[in-house]
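Coordinates in review
Okay, here's what each chain looks like letter by letter:
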Amino acid sequence: ILSSDFFQSFPIVIISGVGYFEASQENNEIEKIFQVNFTEKKFANEEKGSQPYWIHMSKNKIVINTYQLSIGISDLLLEKVADEIIKSNLLK
C-alpha cells in the first residue's frame, strides 16, 4: 500500500511509525519507502526531552514520524508539527 502512487503523491505525511519501522544507520525503512532523508530529531518539550518527532525530507516531501497522536500528546507537539509543515513550504 505504501508504495502505491496514491500514497506516494502526498507531499506532507505524518506517521505514527515509532517502533513500527526499522531505523538504523544501515537501514532506514522510512527513507526507502518515502524517498526522503532523515534531517533531524526534535522534541516538543525540549527541556524535558519529551514527545519526540523525527523529520525526514526531500525536495518535494516532508515525513514527520512521531508516536501515536491519539493518546497522551500535548497541544505543543501538534503546534511543533504544524510549524515544521509550514516551514517546509509544501502547503498549497
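This text goes with the structure placed above it.
The following paragraphs examine the structure supplied in this document.

1. Remarks on the side chain of Asn27
The residue Asn27 is located in the loop between strand 1 (12–15) and helix 2 (29–34) in this model. Accessibility expressed as a relative area gives 17% for Asn27, which makes it buried. Separated by 2.6 Å, the side chains of Asn27 and Lys32 make a polar contact. Here Asn27 is in contact with Glu22 and Lys32, once residues within four sequence places are set aside.

2. Observations concerning the sheet that holds strand 2 (residues 37–45)
Remark on secondary structure: sheet strands pair via backbone hydrogen bonds, oriented parallel or antiparallel. Here we have 4 strands laid out as an open sheet, ordered 1-4-3-2, and mixed in their pairing. Among the strands making up the open sheet, the edge pair consists of strand 1 and strand 2. The mean inter-strand angle of the sheet, taken between neighbouring strand axes irrespective of direction, is 20°. As paired strands, strand 3 (residues 50–57) and strand 4 (residues 62–66) are joined by 5 bridges and run antiparallel to one another.

3. Some remarks on the pairing of strand 3
Every other side chain in a regular strand lies on the same face of the sheet, so the side chains alternate between the two faces. Pairing between strand 2 and strand 3: 7 bridges, direction antiparallel. Along strand 3, the bridge assignment pairs Phe38 with His56. Linkage of strand 2 to strand 3, two consecutive antiparallel strands, is achieved through a turn of 4 residues, within which Gly49 is found at a positive phi near 60°. If you look at the hairpin formed by strand 3 and strand 4, you'll find 4 residues sitting between the two strands.

4. Description of the nonpolar core
Counting 9 residues, the largest nonpolar core is built from Ala44, Tyr53, Ile55, Ile62, Ile64, Leu77, Val81, Ile85 and Leu90. Looking at this core, the elements with two or more residues in it are strand 3, strand 4 and helix 3 (75–87). The residues touching Leu90, leaving out its near neighbours within four places in the chain, are Pro11, Ile12, Lys59, Asn60, Lys61, Ile62 and Ile85.

5. Quick notes on the pairing of strand 1
Alternating residues of strand 1 divide into Val13 and Ile15, all buried, and Ile12 and Ile14, none buried. With 4 bridges connecting them, strand 1 and strand 4 associate as parallel partners. Following the sheet pairing, Val13 is matched in strand 4 by Val63.

Quick notes on the rules
Residues numbered from 1 in each chain as written. Predicted model: local features only at pLDDT ≥ 70, side-chain atom pairs only at ≥ 80, totals over all residues. Heavy atoms only, no water. Helix = DSSP H or I, 4+ residues; strand = E, 2+ residues; numbered from the N terminus. Buried < 20%, exposed > 50% of the residue type's maximum accessible area, 1.4 Å probe, protein only. Polar contact = N/O pair within 3.5 Å; in protein donor to acceptor, adjacent residues only side chain to side chain. Contact = heavy atoms within 4.5 Å. Pairing = 2+ DSSP bridges. Axes fitted to C-alpha atoms, helices over the stretch in contact; angles between N-to-C directions. Core = buried A, V, L, I, M, F, W, Y, C linked by side-chain atoms within 4.5 Å.

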